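# A look at the structure
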Amino acid sequence: MRIRRAPSPPPVARFHIPPPALPSPRLRGRGWRSWRGPRTWAGVDRRPPPVRRGRSRRHATIAASGAQPGSNTEPQRPSADPGPYPRSSPCAMDWQPDEQGLQQVLQLLKDSQSPNTATQRIVQDKLKQLNQFPDFNNYLIFVLTRLKSEDEPTRSLSGLILKNNVKAHYQSFPPPVADFIKQECLNNIGDASSLIRATIGILITTIASKGELQMWPELLPQLCNLLNSEDYNTCEGAFGALQKICEDSSELLDSDALNRPLNIMIPKFLQFFKHCSPKIRSHAIACVNQFIMDRAQALMDNIDTFIEHLFALAVDDDPEVRKNVCRALVMLLEVRIDRLIPHMHSIIQYMLQRTQDHDENVALEACEFWLTLAEQPICKEVLASHLVQLIPILVNGMKYSEIDIILLKGDVEEDEAVPDSEQDIKPRFHKSRTVTLPHEAERPDGSEDAEDDDDDDALSDWNLRKCSAAALDVLANVFREELLPHLLPLLKGLLFHPEWVVKESGILVLGAIAEGCMQGMVPYLPELIPHLIQCLSDKKALVRSIACWTLSRYAHWVVSQPPDMHLKPLMTELLKRILDGNKRVQEAACSAFATLEEEACTELVPYLSYILDTLVFAFGKYQHKNLLILYDAIGTLADSVGHHLNQPEYIQKLMPPLIQKWNELKDEDKDLFPLLECLSSVATALQSGFLPYCEPVYQRCVTLVQKTLAQAMMYTQHPEQYEAPDKDFMIVALDLLSGLAEGLGGHVEQLVARSNIMTLLFQCMQDSMPEVRQSSFALLGDLTKACFIHVKPCIAEFMPILGTNLNPEFISVCNNATWAIGEICMHMGAEMQPYVQMVLNNLVEIINRPNTPKTLLENTAITIGRLGYVCPQEVAPMLQQFIRPWCTSLRNIRDNEEKDSAFRGICMMIGVNPGGVVQDFIFFCDAVASWVSPKDDLRDMFYKILHGFKDQVGEENWQQFSEQFPPLLKERLAAFYGV
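Residues numbered from 1 in each chain as written. Predicted model: local features only at pLDDT ≥ 70, side-chain atom pairs only at ≥ 80, totals over all residues. Heavy atoms only, no water.

The name given to the protein chain in an unreviewed UniProt entry is Transportin-2 isoform X1, with the source organism recorded as Carlito syrichta. Note on the protein chain: under the UniProt heading Subcellular location (unreviewed entry), the record states "Cytoplasm". (UniProt positions renumbered as here; feature names shortened; annotations may be inferred.)

Right, here's the structure in full:
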């Protein structure tokens, strides 16, 4: 009936080359774009933002732990005096530390570097106590800037703790303390130590980001003046601070609020592109780069000078400078391609060289160029003649480096008995259920969920191997079969190479081009697929795992062939790999099998017993991380074979291990997310077969919703006492309740009757979090279909909420609210009349809105049709405002019950207001012709409208009118309706 929620990711994404290994577990509905990770530069730069907050993780952690004020315990201090933290004197610049207090702070900083956990706890408690004294911050800045006798890590740590204090409660610093800190920063930005300069720069930008750029008017002029210093340390320190300010406050720097300082800063930065120090040159480019994506006017006014200076630095000896040049060119390619086109041949030649740079960071930055170029309309025209050079470079970049293999433990073949560490388990986020029409074969259209479709892997995992593979993938989608003459000669040598690293890269290449070059690859697949299936048994785990992934990319073709030819051998070998002794191979095989399940659907029914035996055996074999992926494979199997799973033999195999896991997990365990999603799919597939298990599952879901709502209320009322709840628990519970309602149908009525779910649903529908509302409306629609007797008493309260959620800014929420209204219509009948005006205007606005996703358009059209079916008098007057988009939205969907009810509604509205369809009658004719086999009474309705129109306009006018019809439309209308 629907594509369930956009299912949430197992720990890592499906179409993605994991760090830096194989493309690992899947996320249904996600493509290879997930390789890139979040894009920071407004859609261009896939790199992580610069990491610059501290030298070591330990320092950063300590600093983080020390930033919170407040403790009931008095700090230790001599009782005879006011302690080492006297209130500031009127002039902050005269401040001097008390020697005893200074020693106490220094001891604390030393202790904080201890690896001992107990010592760390004591340090954190002391930091909380000391933060009661604003003067404590004076001590911290004093240690950072003045205490040059101390070692650099201690001084830097002092600055990082101060930075966190600034972040947490700068607004409560007394003015003399704030002034002292700011003055010390500016006076010491040229410290002899690069670590101390960097720490002071971090502190300056943190203060600036607390709204202080406006309140610290001398900051930017002073830093810009310091750039002119002949002392290298002063110039570098000032530039480092400016670079951080440009990163953190780029929009503010280009605003009237500060009188547009960029007009001075950009020309100033450009002067330093020719500085003798590579570090200064690098800072200068990095500063200007911050303003490319926002097209800052000051930069646009100097764009030609900027590009000219970049070209002059193209062959700089310093890798950091070359990296920033490449980064600038990649961004300019997106926002000012007009300025690059005259030089495009030279730029491409330059990027070909840089993609092979001996410094991998430079090579990675240059490789991004091909990803961005592939998105430009001119790509094919400017790049075609360079493919002969580019393709071998990208292919070469797809090999594992030696460091990759070490990091991946590529020499470890069997590790299934090794428990997963906490770091192995990536945080996962549930995605709410999205209702789509039953005829939809493809994934739901773009929604706000799409923003979450970024790679779950740590951003640092983005490397040259992945970037090269992603670039080859996008270029394959641009050039299609034209890429193959450059690739096929290379592929043969790679796929059969004796060295496993080379062979593995060849298998990756084959997977990377699968989507773009599929048509051209078809003649070779009968030979290649058996070879890849053979690679599933390779002695190297990394070869086995990449073979799993590449085969999943060709699953659609495999399924299109006779089952015995490739499907059966592939399924057999993948199931063996699911039980592999290597965890990475297990993960890849499980993911690949889930993709195969989606493609094969009911083709798998004859093998269900064997499949279930394997998946259930894996329950006892898998460590924590792969268990989460196994849930996804089982859920996808249930989605794919549907009611065929409802056999006593299969239920007996599958349900005991699932229920055992269900009973083992506590309500606050996040492993419930994938298990609840899995059970939702299983419940929907098993239908009445799930009845023996439904009551405890239902009750626990209701409890999860109730608990989360209660926690949310406590947090709202007392945010200082309670933590905000994780609403994902509520979302997955609502989605499983939807699965139960859909699977059990009328059998769910007794469960609903004995619970307070309708009261809870009323609260969830008004939650501030869109994903909660999205799942609430999906459940409301499913309960409407399964047991309307319990929904009907709530309609008067529910309808205004549904009406206010017809807001296409939140596409998935709007989609599910629209669908729920349509389902309610069919059960309310004429009693829907009081609520029509609450929703109709919004629905008409949505269907006329440009760029509305297809799924939402179709659901909106169905619901408008259903409203018209039950209340034609109320809806028909607006017919002319929606008839054209209504017809175009529904012309491409298959015959089904929802389409049937919607078209009955449109026919009834035309009966009430025939004038509303006259101007767009050709669109109505086209929509009618989209039906393959309408029910007899609906066909009669179409017949009467078509002939009524023809009779009204007369034979001659009808002939002129029908001349506009495409030939196929003309034929169908003549054959089916005699017009």
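That shown, we press on.
Turning our attention to helix α40 (residues 795-804). Side chains of residues three or four places apart in an α-helix project in the same direction, reflecting 3.6 residues per turn. For α40, the set of buried residues is Ile795, Phe798, Met799, Ile801, Leu802 and Gly803. Among the structural elements, α38 (757-764), α39 (770-791), α41 (811-828) and α42 (836-847) are those in contact with the buried residues of α40. (Buried < 20%, exposed > 50% of the residue type's maximum accessible area, 1.4 Å probe, protein only. Helix = DSSP H or I, 4+ residues; strand = E, 2+ residues; numbered from the N terminus. Contact = heavy atoms within 4.5 Å.)

One can describe the packing of helix α8 (residues 219-226) onto helix α9 (residues 232-248) by two numbers: an axis separation of 8 Å at closest approach and a directional angle of 140 degrees. Regarding the angle of α8 to α9, the classification is oblique. In this structure, α8 meets α9 at a crossing whose hand is left-handed. Residues Leu219, Leu220, Leu223, Cys224 and Leu226 of α8 pack against Thr234, Cys235, Ala238, Ala241, Leu242 and Ile245 of α9. Of the residues belonging to the contact of α8 with α9, the class tally is 10 nonpolar, 1 polar and no charged. (Axes fitted to C-alpha atoms, helices over the stretch in contact; angles between N-to-C directions. Parallel < 35°, antiparallel > 145°, perpendicular 65-115°, else oblique. Left-handed = near helix turned anticlockwise from the far one by under 90°. Nonpolar A, V, L, I, M, F, W, Y, C, P; charged D, E, K, R; others polar.)

Turning next to the packing of aromatic side chains. On inspection of all chains with the given rule, the structure shows 28 aromatic pairs. Look at Trp958 and Phe961: their rings are 5.4 Å apart centre to centre, the planes differ by 50 degrees, and that puts the pair in the tilted class. Note that Trp958 and Phe961 are positioned in helix α50 (residues 955-962) at a spacing of 3 residues, about one turn of the helix. Each member of the pair, Trp958 as well as Phe961, is classed as buried. Taking 6.3 Å as the distance between ring centres and 40 degrees as the angle between the ring planes, the aromatic pair formed by Phe976 and Tyr977 counts as tilted. Three or more aromatic residues joined by ring pairs form one cluster here, namely Trp886, Phe903, Phe921, Phe924, Trp931, Phe942, Phe949, Trp958, Phe961, Phe965, Phe976 and Tyr977. Above the face of the Trp662 ring, Arg700 is positioned so that its terminal group lies 4.8 Å from the ring centre. The ring of Phe810 carries Arg773 above its face, with NZ or CZ at 5.5 Å from the centroid. (Phe/Tyr/Trp six-rings, centres within 6.5 Å; stacked < 30°, edge-to-face > 60°. Lys NZ or Arg CZ within 6 Å of the ring centre and 35° of its normal.)

What follows is about the environment of Ala257. Its location among the elements puts Ala257 in the loop between α10 (250-253) and α11 (262-271). Spatially, the C-alpha atom of Ala257 lies 7.6 Å from that of Gln214, the residues being 43 residues apart in sequence.

Across the interface, helix α4 (residues 136-145) lies against helix α6 (residues 175-187) with an axial gap of 10 Å and an inter-helix angle of 10 degrees. Of the possible angle classes, the one that applies to α4 and α6 is roughly parallel. Contacts between α4 and α6 pair Asn137, Asn138, Ile141 and Thr145 from the former with Val177, Phe180, Ile181, Glu184 and Cys185 from the latter.

Attention now moves to the pattern of salt bridges. Scanning all chains against the criterion turns up 42 salt bridges. Two residues, Lys110 and Asp151, come together in a salt bridge whose shortest N-O distance is 2.8 Å. Taken together, the residues span a long stretch of sequence, with Lys110 in helix α2 (residues 99-111) and Asp151 in the loop between α4 and α5 (152-169) at a distance of 41 residues. Taking relative accessible area as the criterion, Asp151 reaches 33% and is therefore assigned partly exposed. A salt bridge links Lys970 to Glu963; its shortest N-O distance comes to 3.3 Å. By relative accessible area, Lys970 is classed as partly exposed at 31%. (Salt bridge = Lys/Arg side-chain N within 4 Å of Asp/Glu carboxyl O.)

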